[in-house]
Amino acid sequence: MAHDPVVENPWEWLNAFTDARIGLGRAGVSLPTSKLLAFQLAHAQAQDAVHCPLDVEALSSELTQALDLSEAPLRLHSHAQDRATYLQRPDYGRRLNDETREHLQKAAASQQRYDLAIVVVDGLSALAVQQNSAPFLGTLYQMLSSDAADWQLAPLTLVEQGRVAIGDEIGALLNADAVLVMIGERPGLSSPDSLGLYMTWAPEPGLKDDRRNCISNVRPAGLQVEEAARRFFLLLKEARQLKLSGVKLKDRSEDDVLEGDSASGSTRNFLVAD
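Residues numbered from 1 in each chain as written. Predicted model: local features only at pLDDT ≥ 70, side-chain atom pairs only at ≥ 80, totals over all residues. Heavy atoms only, no water.

Condition: UniProt positions are given in the numbering used here, feature names are shortened, and annotations may be inferred rather than shown by experiment.
Under the annotation held in an unreviewed UniProt entry, the protein chain carries the name Ethanolamine ammonia-lyase small subunit and is attributed to Vreelandella sedimenti. Regarding the protein chain, the relevant UniProt record gives this comment under Sequence similarities (unreviewed entry): "Belongs to the EutC family." Per its UniProt entry, the protein chain bears the Subunit (unreviewed entry) comment "The basic unit is a heterodimer which dimerizes to form tetramers. The heterotetramers trimerize; 6 large subunits form a core ring with 6 small subunits projecting outwards."

Right, dumping it as structure tokens:
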């Protein structure tokens with residue numbers, strides 16, 4: 001009888017519950033070939049996610065059609081002119097270049113006030129933005145249009161070579177009360193397609209991260225777009241009511257009760273920190 005050189009790990013069954021690399025087994029003093037090749041593939045996918053460019057034309061067309069926009073999204077660019085500069089100078093990714101800043105200022109010349117500006121940014125994974133933006137925004141737009149309150153949305157913007165903080169400048173230029181930055185997150189070895197959502201109330205250049213709320217890991221194998229949109233919408237409504245965001249606004253969207261006990265007339269706020 002032939003001897004199987006691969007020694008199975010008794011914890012391998014846990015792989016059914018997580019993407020983490022556990023219970024891989026061994027072949028001699030090394031990993032089984034299949035597990036080693038899977039690791040190398042995941043590493044290559046993570047590298048591709050960082051370096052592959054966003055297909056702005058295709059995404060702009062997809063969003064225009066999916067959201068039934070009257071005009072295509074505004075195309076903007078950060079101060080980082082290429083990917084190498086973007087990766088070496090994170091500060092450049094937080095600012096618009098002069099040309100697109102002037103373009104955005106002209107688009108906002110009417111000084112109209114908006115409730116929300118949505119900024120789609122390539123970030124560190126264009127793949128995440130390419131795959132998840134339209135499904136998420138389609139769900140969110142339905143929630144906004146179905147809500148009893150009237151939501152005025154600023155023109156949708158697409159940003160190349162951008163970081164999270166670039167949304168603060170864009171939101172301020174568009175005269176928006178709140179900004180949502182949808183950005184490709186730094187890829188892990190099991191999640192090259194993870195989309196992050198960052199909301200800031202009263203955006204302006206120079207804000208710190210404690211002014212933002214984050215919902216991460218939006219992707220088919222992570223947080224589903226329907227649930228992500230629901231959580232964001234609850235945060236957005238509370239942010240508008242309380243005029244704040246960040247560490248003072250807590251995401252309690254998984255609580256069983258989001259409102260006070262109507263029978264007792266109490267109005268305890270479950271989204272705001274004590």
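Read on for the rest.
## Remarks on the UniProt feature "binding site: adenosylcob(III)alamin" (unreviewed entry) in the protein chain
To keep things clear, this is the line we draw: Strands are runs of DSSP state E lasting at least two residues, helices are runs of H or I lasting at least four, and both sets are numbered from the N terminus onward. Per-residue accessibility, obtained with a 1.4 Å probe over protein chains only, is compared with the maximum for each type, and a residue is labelled buried under 20%, exposed over 50%, and partly exposed between these values.
Following the UniProt record, the feature "binding site: adenosylcob(III)alamin" (unreviewed entry) maps to Val164, Glu185 and Cys214 here. Spanning 51 residues, the annotated positions come together in the fold, the maximum distance between their C-alpha atoms being 11.4 Å. Considering the arrangement of structural elements, one finds Glu185 in the loop between β6 (176-184) and β7 (195-201). On the accessibility criterion, Glu185 (14% relative accessible area) is buried.

## Focus on the pattern of salt bridges
Under the convention used in this document: One speaks of a salt bridge when a side-chain nitrogen belonging to Lys or Arg is within 4 Å of a carboxyl oxygen belonging to Asp or Glu.
A complete count under the given rule lists 14 salt bridges for this structure. Between Lys237 and Asp147 there is a salt bridge whose closest N-O contact spans 3.9 Å. Taken as a pair, Lys237 in helix α7 (residues 225-242) and Asp147 in the loop between α5 (126-146) and β5 (157-160) lie far apart in primary sequence, 90 residues in all. Overlapping salt bridges bring together Glu57, Arg75 and Glu160 as one network.

## Some details on unusual backbone geometry
Positive phi, close to 55 degrees, is recorded for Gln161, a residue that is not glycine. Assignment of secondary structure puts Gln161 in the loop between β5 and α6 (166-173). Positive phi is not limited to glycine here, since Ala202 has a value of about 55 degrees. Here Ala202 lies in the loop between β7 and β8 (212-218). A relative accessible area of 34% places Ala202 in the partly exposed class.

## Re α7
Put simply, the rule reads: To estimate the expected span of a helix, count its residues, drop one, and scale the result by 1.5 Å. Note on contacts: a residue pair is in contact if any heavy atoms of the two residues lie within 4.5 Å.
Spanning 18 residues, α7 covers 26 Å between terminal C-alpha atoms, matching the ideal 26 Å at 1.5 Å per step. Within the sequence span of α7, burial applies to Val225, Ala228, Ala229, Arg231, Phe232, Phe233, Leu234, Leu235, Leu236, Glu238 and Ala239. On the buried face of α7, the contacting elements are β4 (114-121), α5, β6, β7 and β8. Lys243, located one to two residues past α7, shows a positive phi value of around 60 degrees.

## Quick look at the nonpolar core
Here is the rule: Buried residues of nine kinds, namely Ala, Val, Leu, Ile, Met, Phe, Trp, Tyr and Cys, make up a nonpolar core once their side-chain atoms join them within 4.5 Å.
Core analysis: the largest hydrophobic core is formed by 39 residues, its most contacted members being Ile118, Phe136, Leu137, Leu140, Leu180, Met182 and Leu197. Taken together, the elements giving at least two residues each to this core come down to α2 (56-66), β4, α5, β6, β7, β8 and α7. Per-element accounting of this core gives the leading share, nine residues, to α5. Excluding anything up to four places from it in sequence, Leu180 contacts Leu116, Ala117, Ile118, Val119, Phe136, Leu140, Leu197, Tyr198 and Phe232. Within the second largest apolar cluster, 19 residues are counted, among which are Leu104, Ala108, Val164 and Ile166.

## Observations concerning the packing of aromatic side chains
Filter applied, for reference: Note on aromatic contacts: the rings of Phe and Tyr and the six-membered ring of Trp form a pair at centre separations within 6.5 Å, being stacked when their planes are under 30 degrees apart, edge-to-face when over 60 apart, and tilted otherwise. When the NZ atom of lysine or the CZ atom of arginine is within 6 Å of a ring's centre and also within 35 degrees of its normal, the charge is said to sit over that ring.
What the rule picks out here adds up to one aromatic pair. Lying across the ring of Tyr86, Arg163 places its NZ or CZ 4.1 Å from the centre. Its guanidinium or amino end placed over the ring of Trp151, Arg240 lies 3.7 Å from that ring's centre, counting from NZ or CZ.

## Looking at the pairing of β5
Selection rule: Pairing between two strands requires that DSSP report at least two bridges joining them. Handedness rule for crossovers: strands pointing away from the viewer, path from the first strand over the helix to the second running clockwise, crossover right-handed.
Note that strand β3 (residues 74-77) and β5 share four bridges and pair parallel. Within β5, the position partnered with Leu74 by the bridge is Thr157. Once you follow β4 into α5 and on to β5, the crossover reads as right-handed.

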